[in-house]
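Each chain is listed here by its residues.
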Amino acid sequence: PPPPPPPPDGNNSGGPSGPTSSAAAGAAAPGSAAAAAAAAAAAYNPAAPPPPTPVVARGGGPITRADCCLWFGCLPPALTESALGGECGRHGAVDSVHVGPAAGLSAKGEALVVFKSVQDAALCAEALAGERPFGGTRPLAVEFCAGLPADCPMRARTPGRVASMFVWCGVAVAPEDLVSAISMAGLPGPSRLLR
């Protein structure tokens, strides 16, 4: 089949280069990006108002709606909120750090960090994912969250805040495959891809 058209603004940097996986080239494999996009297409209603910002207590996985909140796992047990906030602040503007039951986290070694913007969160995620900035034996696990923690000051400062329009596509999924799956599902394509 011919490759999908470029995004509406004509910016094709990093854009689709045609189907590159068997899921994109044929029927959607269960659990694939194409299957997820097809399910979203069935529920898509362009006239519906955007949903409110969801409450989260865990990262969203390799493909998720991306808000300005990151979930961190595999943190050393003795790490303080201040040290985590300081390290994250080297890569993006931090709004707040959340640990423990108030943030909906039950496991030690987990935290949620809320940034001033999605862009700040993305810079930090790219800098720290898989690294060991605090020592320890395991590399950091970092995932975007689809919303904000319940006890987040940003949530209180911005009542009526709507869900993020950004989607994070982790390293496990090629952006071209995601764009192809969105196109095949009949959903509006992204205006541009940020790498």
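Residues numbered from 1 in each chain as written. Predicted model: local features only at pLDDT ≥ 70, side-chain atom pairs only at ≥ 80, totals over all residues. Heavy atoms only, no water.

Caption draft 1: Layout of unusual backbone geometry. If you check the backbone angles, Cys-74 has positive phi at about 65° while not being a glycine. Counting through the fold element by element, Cys-74 comes out in the loop between β2 (69–73) and α3 (81–89). On the basis of relative accessible area, Cys-74 is assigned to the partly exposed category, the value being 27%. (Helix = DSSP H or I, 4+ residues; strand = E, 2+ residues; numbered from the N terminus. Buried < 20%, exposed > 50% of the residue type's maximum accessible area, 1.4 Å probe, protein only.)

Caption draft 2: Molecular detail of the environment of Val-162. Structurally, the position occupied by Val-162 is in the loop between α5 (153–157) and β6 (167–169). With 15 residues separating them along the chain, Val-162 and Gly-147 place their C-alpha atoms 9.4 Å apart.

Caption draft 3: Region of the structure containing the layout of surface pockets. As a volume, the second largest pocket reaches approximately 160 Å³. Forming the walls of the second largest pocket are Leu-75, Pro-76, Pro-77, Leu-79, Thr-80, Glu-81, Leu-84, Val-99, Lys-108, Gly-109, Glu-110 and Ala-111. Class assignment of the residues belonging to the lining of the second largest pocket gives a composition of seven nonpolar, two polar and three charged. (1 Å grid on protein atoms, 1.4 Å probe; cavity = no way out; pocket = protein on both sides within 12 Å on 5 of 7 lines; lining within 4 Å. Points joined across faces, edges and corners; volume = space filled by probe spheres on them. Nonpolar A, V, L, I, M, F, W, Y, C, P; charged D, E, K, R; others polar.)

Caption draft 4: Structural detail: the nonpolar core. Ranked by internal contacts, the top residues of the largest apolar core, which has 30 residues, are Leu-70, Phe-72, Cys-88 and Phe-144. Residue assignment for this core shows that the elements contributing at least two residues are β2, α3, β4 (111–115), α4 (118–128) and β5 (141–144). The leading source of residues in this core is α4, at six residues. Leu-70 has contacts with Ala-111, Leu-112, Val-113, Phe-115, Ala-121, Cys-124, Ala-125, Val-142, Glu-143, Phe-144 and Cys-145, leaving out every residue within four places of it along the chain. Core analysis: the second largest hydrophobic core is formed by five residues, Cys-169, Val-173, Ile-182 and Leu-187 among them. (Core = buried A, V, L, I, M, F, W, Y, C linked by side-chain atoms within 4.5 Å. Contact = heavy atoms within 4.5 Å.)

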